[in-house]
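Residue strings, one per chain:
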Amino acid sequence: MTELTLVTHSPRETQSLGAVLGRLARPGDVFLLIGPLGAGKTCLTQGLARGLGIHDPVTSPTFTLIREYQGRLPLYHVDCFRLEGTAAALELGLDGYLGGDGLCVVEWADRVMEALPLEHLLVTLTYREGRERVLRLEARGARYAALLSELRRKIPLTKVQVA
Ligand SMILES: Nc1ncnc2c1ncn2[C@@H]1O[C@H](COP(=O)(O)OP(=O)(O)OP(=O)(O)O)[C@@H](O)[C@H]1O
Ligand SMILES: [Mg+2]
């Protein structure tokens, strides 16, 4: 499966979806999150952390750029909002976190796309009415296609709606 579109109706639902994905994550996975301010990128990451068994509160790393948490796997939470272009991403040492021992989650990935691996799970979040959010998940590479198939099998167990 290479694409899956889901709709959530509350922050809690977005986090539950993240938690399911977090449980499926493997070392070296890269999830790229794209969407406007307040779309729910950090909210989804909070769920991912929960799925990795991380209990520390996950906050927006906007001012620190990268935050690291230890769970079943390490979570590297990156926010590129303040970065301009690929050179800035390389300077930050983003390379060292990608494809390593943990799950790397990058908010505002579209700002530094050229510095990021070609194979990844791309999550595009958009607003709908009220608290509805549409999350479009696209697998770039075989690993992520397998991940999406696994996720699809688990979705009936969650409250998240398939659009
Ligand atoms: N269905 C939903 N999913 C996620 N967040 C939601 C939803 N409905 C409402 N919200 C609210 O939207 C906001 C999402 O904020 P969040 O920090 O996750 O966005 P973000 O995409 O990380 O923004 P930024 O670009 O500023 O980092 C929160 O205030 C959350 O409570
Ligand atoms: Mg954020």
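See the structure shown above.
Since this is a predicted model, take the numbers as computed values, not measurements.

Criteria and cut-off values
- Residues numbered from 1 in each chain as written.
- Chains lettered and ligands numbered in written order.
- Predicted model: local features only at pLDDT ≥ 70, side-chain atom pairs only at ≥ 80, totals over all residues.
- Heavy atoms only, no water.
- Donors = N, O, S within 2.8 Å, 3.2 Å for Na, K, Ca; no water.
- Helix = DSSP H or I, 4+ residues; strand = E, 2+ residues; numbered from the N terminus.
- Buried < 20%, exposed > 50% of the residue type's maximum accessible area, 1.4 Å probe, protein only.
- Contact = heavy atoms within 4.5 Å.
- Phe/Tyr/Trp six-rings, centres within 6.5 Å; stacked < 30°, edge-to-face > 60°.
- Lys NZ or Arg CZ within 6 Å of the ring centre and 35° of its normal.
- Pairing = 2+ DSSP bridges.
- Axes fitted to C-alpha atoms, helices over the stretch in contact; angles between N-to-C directions.
- Polar contact = N/O pair within 3.5 Å; in protein donor to acceptor, adjacent residues only side chain to side chain.
- Near = heavy atom within 4 Å.
- Areas by Shrake-Rupley, 256 points an atom, 1.4 Å probe, with all protein chains shown as cover.
- Nonpolar A, V, L, I, M, F, W, Y, C, P; charged D, E, K, R; others polar.

Visitor: Hey, could you run me through the coordination of the magnesium ion (ligand 2) in this one?
Guide: Around a metal, the ideal angle is 109.5 degrees if four donors adopt a tetrahedral arrangement and 90 or 180 degrees if six donors adopt an octahedral arrangement. For the magnesium ion (ligand 2), the full set of protein donor atoms is Thr42 (OG1) and Glu107 (OE), at a range of 2.1 to 2.2 Å. Of the two residues, Thr42 is situated in helix α2 (residues 41-51) and Glu107 in strand β5 (residues 103-107); the sequence distance between them amounts to 65 residues. Accessibility assignment for this pair places Thr42 and Glu107 in one class, buried.

Visitor: It is not clear to me how unusual backbone geometry should be interpreted in this structure. Could you clarify?
Guide: It is generally the case that most residues other than glycine have a negative phi and that most peptide bonds are trans. Residues other than glycine seldom take positive phi values, yet Trp108 does so here, at roughly 55 degrees. Tracing the sequence through the fold places Trp108 in the loop between β5 and β6 (120-127).

Visitor: Would you take a moment to explain the environment of Leu24 for this structure?
Guide: Among the structural elements, Leu24 can be located in helix α1 (residues 11-24). Using a relative accessible area of 11% as the deciding quantity, one classes Leu24 as buried. Sequence spacing of Leu24 and Leu92 is 68 residues, and the spatial spacing of their C-alpha atoms is 28 Å. When sequence neighbours within four positions are dropped, the list of residues in contact with Leu24 reads Asp29, Arg72, Arg143, Leu147, Glu150, Leu151 and Lys154.

Visitor: Would you explain the packing of aromatic side chains in this entry?
Guide: Any aromatic ring pair is given by two values, namely how distant the centres are and how the planes are angled relative to each other. Counted by the stated rule, this structure contains two aromatic pairs. Relative to Trp108, the ring of Phe81 has its centre 5.0 Å away and its plane inclined at 45 degrees; by these criteria the two rings are tilted. On the criterion of sequence distance, the pair formed by Phe81 in the loop between β4 (74-79) and α3 (85-92) and Trp108 in the loop between β5 and β6 is long-range, its members being 27 residues apart. Overall, the relative accessible area of 12% leaves Trp108 in the buried class. The ring of Trp108 has Arg111 lying over it, and the distance from NZ or CZ to the ring centre is 4.7 Å.

Visitor: For this particular structure, what's the right way to read the sheet that holds strand β3 (residues 66-70)?
Guide: Pairing between the strands of a sheet is mediated by backbone hydrogen bonds and can be parallel or antiparallel. The eight strands lie next to each other as β3-β4-β5-β2-β6-β7-β1-β8, forming an open sheet whose pairing is mixed. Pairing within the sheet leaves two strands with one partner each, and these edge strands are β3 and β8 (161-162). Pairing of strand β2 (residues 30-34) with β6 involves four bridges; the strand directions are parallel. Bridge assignment links Leu33 to a residue of β6, and that residue is Val123. Sheet strands in contact with helix α4 (residues 142-154) are β1 (3-8), β2, β6, β7 (133-140) and β8, and its direction is about 140 degrees off that of β7.

Visitor: Any chance you could explain the side chain of Asp79 here in plain terms?
Guide: Its location among the elements puts Asp79 in strand β4. From its side chain, Asp79 meets the backbone nitrogen of Phe81 in a polar contact 2.9 Å long.

Visitor: I keep staring at the site of ligand 1 and nothing clicks. Help me out?
Guide: Not every one of the 17 residues close to ligand 1 is listed here, only the nearest: Thr14, Lys41, Thr42, Cys43 and Arg131. Between ligand 1 and Ala39 there is a distance of 3.2 Å, counted from an oxygen atom to a backbone nitrogen or oxygen. Against a free-state accessible area of 650 Å², the protein chains account for coverage of 74% of ligand 1. If you list the elements that add at least two residues to the shell around ligand 1, you get α1 and α2. For the shell around ligand 1, the element with the highest residue contribution is α2, accounting for three residues. Partitioned by chemical class, the residues of the shell around ligand 1 number six nonpolar, seven polar and four charged.

This is a description of form; function is not addressed.
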